[in-house]
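Analysis of the macromolecular model
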Amino acid sequence: MSTTDQTARDTQDADEQVNGVPTGEDRVAIPGMSQEGETLQEGRNQAGEPEIRHTEHGDVSGVPDSSRAGRFTSYDVADFPPLSPKLEDWRFTPVKRLRGLDDAALQGPAPAVSVSGDDAVEVTSVGRDDSRVGSAGIPEDRVSANAWSAFREATVISIPRDAQVAEPVIVTFTGESEEPAAQHVVVDAGTNSKALVVLRHVGTAVLSQNVEFSVGDGANLTVVSLQEWTDDSVHASSQQAKLGRDATFKHVLVSLGGDLVRVTPSTRFTAPGGDVAMYGLTFVDDGQHLESRLFVDHSVPRCRSRVNYKSALQGENAHGVWVGDVLIRAEAEGTDTYELNRNLILNDGPRMDSVPNLEIETGLIAGAGHASTTGQLDDEHLYYLMSRGIPEDQARRLVVRGFLFEIIQQVGVEALEEQLRASLEDELARTEN
C-alpha cells in the first residue's frame, strides 16, 4: 500500500469514530456513550438512586427489579413469590380479580379450539413432551408458570418450510366456563415460510394461557391476537416469540372485551438480521382493566424493532396499562429500535398508566428511542370539524376513529378489520358526550 493510500485510509478510519469509538461496519455509536454503554456512578442508576440488585429463585420480595437483563424465569410456579403490588410486574394489576389464576389448580375446561385456513398448515394436539413445547420461552411470572404446570395438551400450528400461505389461518378460542383453566399454544413457522395467523378469543373464560411463536430463519410471520371476551372474563396470556436469522415477525394485539385482560408479548432475537413490529389497540370501558406488557430483547447484532400501541379509555374506573420494555444488550451492536405509546382519555373517570423502559448496554447502535403521551381530545380538531357543520358527537367519533384505525389497518384481514371497526363504533356509541 502506498503512503498516499495509507494516509487516506487513516483519515477514513478517523472519520468513522464518535468520541473515539469506531463506528464503521455498522458499529454506530451514540455520542456520549462508550462501547460498554453509559458509565454510571458505582452503585447508582441514571437517576442517582441506589441500583437494583437481582435475586435468585424468584425471591424478589421488597426488591423493585426494574431491569429485564436479569429477570427470573422458571417452569415451576413454586419458584415465584405470591403476587403483590410490591412486585414490579404486578404493581398496576388488581391481583384479586385474577380469580385464582396465580394459585388455583386450573382444572377447568380450556376454551375449545377451531382452525380454518390453508390446508398446508398442520394443526395437531401434542403432549407436554413434544420438543416444540417450551422451545420459544420460559415462564417469567407466577401466572404463566401456573399455566405451564397445569396444561395437559398443547395445540401446535405448523407452517411448513418454504410454504407461502396466502389464506389467513384463523384460530378461534371459544370459552364456555368460568372455572380457572390453563392452555398452551405453539405456532411454528418453518424456514423461509410466510403466513398470517389470527388468534381470536371469544365467549366466557377464566384463562391463563402460554403462547409460543417459533419463527425460523428467513421466515415471515404475522400474528393477530384478538381479545373479544364477554364482560365477566379474565384472561392472562404470555405470548413469547423467538426469531431466527433474517426472520420477520409482526404482532398485532387488539383487546376489547373482558373484565381483566393482561397480555404480555415478548420477542427475542437469536441471530442477526431479525425485524419485529409490534402494534396494539385497547378500548377500555367502565370497570375494565386491560393491560399490555411487552418486551423486546436485543441480544444479537443488527436487528430492528418498532413498537406502536394506542389506547382509548372511557367510563368510571376504566383502567389501562401499557409497559414497554426494550433491552439492548452489550453484544447487540447495530440495533435500531423505537417504541411509541399514545393514549386518549374520552371523559372523566378513566386512568391510564404508561411506562416505557429502554435499557442500553452498548453505545454502538444505529438508534434507540421511546415516547409516551396521554391526553384528552384535541379541542382544535373538534373545532375544525364543528366549524364545517359536523355535530360535536360525530366530530368526537371522527377524531377517535382516525386515532385508532391506524392500528386496525395492521390486521391485514379485511373481514376482521370490518368487524373490528364495527366493534369500535359500538364502543364509541356509548361514549358520554
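Here the structure is a predicted model, which is why all the values come from computation and not from measurement. (Residues numbered from 1 in each chain as written. Predicted model: local features only at pLDDT ≥ 70, side-chain atom pairs only at ≥ 80, totals over all residues. Heavy atoms only, no water.)

**Here we look at the nonpolar core**
Counting 48 residues, the largest nonpolar core has Ile159, Val197, Leu199, Phe213, Leu221, Phe249 and Val296 as its most contacted members. Take this core: its biggest share by element is eight residues, from strand β7 (residues 194-215). Contacts of Ile159, omitting those with residues within four sequence positions, involve Val121, Val165, Val187, Asp188, Ala189, Gly190, Ser193, Ala195, Val197 and Leu221. Counting 32 residues, the second largest nonpolar core, distinct from the first, contains Ala395, Val400, Leu420 and Leu428. (Core = buried A, V, L, I, M, F, W, Y, C linked by side-chain atoms within 4.5 Å. Buried < 20%, exposed > 50% of the residue type's maximum accessible area, 1.4 Å probe, protein only. Helix = DSSP H or I, 4+ residues; strand = E, 2+ residues; numbered from the N terminus. Contact = heavy atoms within 4.5 Å.)

**Things to note about empty space enclosed by the protein**
Per the counting criterion, the structure on display carries eight cavities of 30 Å³ or more. Empty space within the second largest cavity amounts to approximately 150 Å³. Lining the second largest cavity are 14 residues; nearest its centre among them are Arg68, Asp89, Glu140, Asp141 and Thr264. In terms of residue count, strand β11 (residues 260-269) provides more of the lining of the second largest cavity than any other element does, four residues in total. (1 Å grid on protein atoms, 1.4 Å probe; cavity = no way out; pocket = protein on both sides within 12 Å on 5 of 7 lines; lining within 4 Å. Points joined across faces, edges and corners; volume = space filled by probe spheres on them.)

**With respect to the side chain of Gln227**
Take Gln227: it is sitting in strand β8 (residues 220-229). Residue class for Gln227 comes out buried when judged on its relative accessible area of 0%. Within the structure, the side chain of Gln227 is placed 3.1 Å from the side chain of His201, a separation counted as a polar contact. In terms of polar contacts, Gln227 uses its side chain to reach the side chain of Ser225, at 2.7 Å. (Polar contact = N/O pair within 3.5 Å; in protein donor to acceptor, adjacent residues only side chain to side chain.)

**Side note on unusual backbone geometry**
As a rule of thumb, non-glycine residues mostly have phi less than zero, and peptide bonds are mostly trans rather than cis. For Arg99, which is not glycine, the phi torsion reads 55 degrees and is therefore positive. Considering the arrangement of structural elements, one finds Arg99 in the loop between β2 (21-22) and β3 (112-116). The backbone of Leu106 sits at a positive phi, close to 55 degrees, despite the residue not being glycine. Here Leu106 is to be found in the loop between β2 and β3.

**Side note on the environment of Ala247**
Looking at the element boundaries, Ala247 is found in the loop between β9 (234-243) and β10 (248-257). On a C-alpha basis, the gap between Ala247 and Gly273 in space is 6.9 Å, while along the polypeptide they are 26 residues apart. With residues up to four places along the chain from it excluded, the contact list for Ala247 reads Val215, Gly216, Gly218, Ala219, Gly273, Gly274 and Asp275.

**Comments concerning the packing of helix α3 (residues 379-386) against helix α4 (residues 392-408)**
Between α3 and α4, the least distance of the axes is 9 Å, while the angle of their chain directions is 125 degrees. Relative to α4, the element α3 lies oblique. α4 is crossed by α3, and the crossing has right-handed handedness. Residue-level inspection shows His381, Leu382, Leu385 and Met386 of α3 in contact with α4, the latter providing Glu392, Ala395, Arg396, Leu398 and Val399. (Axes fitted to C-alpha atoms, helices over the stretch in contact; angles between N-to-C directions. Parallel < 35°, antiparallel > 145°, perpendicular 65-115°, else oblique. Left-handed = near helix turned anticlockwise from the far one by under 90°.)

**Thoughts on the environment of Val197**
Following the sequence through the fold, Val197 ends up in strand β7. Along the backbone, Val197 and Val187 are 10 residues apart, and their C-alpha atoms lie at a distance of 8.5 Å.

**Things to note about the packing of aromatic side chains**
Considering all chains together, one arrives at five aromatic pairs under this definition. On the numbers, 5.6 Å between centres and 40 degrees between planes, the contact of Phe213 with Phe249 is tilted. Of this pair, Phe213 sits in strand β7 while Phe249 sits in strand β10, and the two are 36 residues apart along the sequence. Take Phe213: its relative accessible area is 0%, and that puts it in the buried class. In textbook terms, an aromatic cluster arises when at least three aromatic residues are bridged by ring pairs, as seen for Tyr75, Trp148 and Phe151. When the ring centre of Phe151 is taken as origin, the NZ or CZ atom of Arg128, which lies over that ring, is 4.4 Å away. We note Lys310 situated over the ring of Phe403; from NZ or CZ to the ring centre the distance is 4.8 Å. (Phe/Tyr/Trp six-rings, centres within 6.5 Å; stacked < 30°, edge-to-face > 60°. Lys NZ or Arg CZ within 6 Å of the ring centre and 35° of its normal.)

**Regarding the pattern of salt bridges**
All chains considered together, the criterion is met by 20 salt bridges. When the shortest N-O distance is used, the salt bridge between Arg132 and Asp130 registers 2.9 Å. Residue Asp353 pairs with Arg351 through a salt bridge whose shortest N-O separation is 2.8 Å. What makes Asp353 buried here is its relative accessible area of 14%. (Salt bridge = Lys/Arg side-chain N within 4 Å of Asp/Glu carboxyl O.)

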